[in-house]
Amino acid sequence: FTLPFLSTYYLRWWFIDRLMDAWELLVGQFILDTKFVLLFYKLLGAKINWTANINAFVREFDLVSIGGGSSIKHQIRCRKFVHPGADGKPSLRFRSISVGDNCTIKGMLGPGVCVGNGSEITKLSSVIEGAQVPVGSIANGSPACNV
């Protein structure tokens, strides 16, 4: 879905995003890579398996799905700022991100990405918006391609 820039919905999202910035600085950095961060994100609506390892911050929690045994080492953001369209107004687009079982994420995932089971996104890689990473593959580069 898309939010028009400076709408009331956008301002609500922005306010929560600023609260999350403060939480990450004051509390979150101390509970990364523990079951407490899994519990926190699950309570906020993320679909994260209890066997996942989260060592990075997640935003837009209700749009995130992470399978069992997966390791997240790079922040996850399900949003993208969009340049002004035909109406001349910028907007903010949201798309869900899905990570399968036993995946390792060290690079950036764009909104709408689906990572297949057993896949790896290498460090400094960037998977573009809406891409599908096949099962058991290694994505490398910017934009990421299968190795």
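Here's what I pulled together on the structure shown here. What you are looking at is a predicted structure, and each value in this text was computed from that prediction instead of being measured. (Residues numbered from 1 in each chain as written. Predicted model: local features only at pLDDT ≥ 70, side-chain atom pairs only at ≥ 80, totals over all residues. Heavy atoms only, no water.)

Turning our attention to a nonpolar patch on the surface. On the surface, a nonpolar cluster with roughly 390 Å² of combined accessible area is contributed by Phe5, Leu6, Leu11 and Phe81. For Phe81, the position within the fold is in strand β6 (residues 79–82). (Patch = residues over 30% accessible without salt bridge, like charges linked within 9 Å, V, L, I, M, F, W, Y side chains within 5 Å. Areas by Shrake-Rupley, 256 points an atom, 1.4 Å probe, with all protein chains shown as cover. Salt bridge = Lys/Arg side-chain N within 4 Å of Asp/Glu carboxyl O. Helix = DSSP H or I, 4+ residues; strand = E, 2+ residues; numbered from the N terminus.)

Looking now at the sheet that holds strand β14 (residues 132–133). If you trace the five strands from one edge of the open sheet to the other, you get β2-β4-β8-β11-β14, paired in parallel fashion. Bordering the open sheet on either side are β2 (47–48) and β14, each of which pairs with just one other strand. Sheet analysis places β2 next to strand β4 (residues 64–66), joined by two bridges and oriented parallel. Directly across from Lys47, in β4, lies its bridge partner Ser65. (Pairing = 2+ DSSP bridges.)

Let us now look at the nonpolar core. Residues Tyr41, Ile54, Ile66 and Leu109 are the most contacted members of the largest nonpolar core, which totals 38 residues. Of all the secondary structure elements, the ones that give two or more residues to this core are α1 (8–31), α2 (35–43), β4, β7 (91–94) and β8 (97–99). Here the element with the most residues in this core is α1; it accounts for five residues. Dropping the residues within four chain positions of it, Leu109 is found in contact with Arg77, Ile97, Val99, Val115, Ile121 and Val127. (Core = buried A, V, L, I, M, F, W, Y, C linked by side-chain atoms within 4.5 Å. Buried < 20%, exposed > 50% of the residue type's maximum accessible area, 1.4 Å probe, protein only. Contact = heavy atoms within 4.5 Å.)

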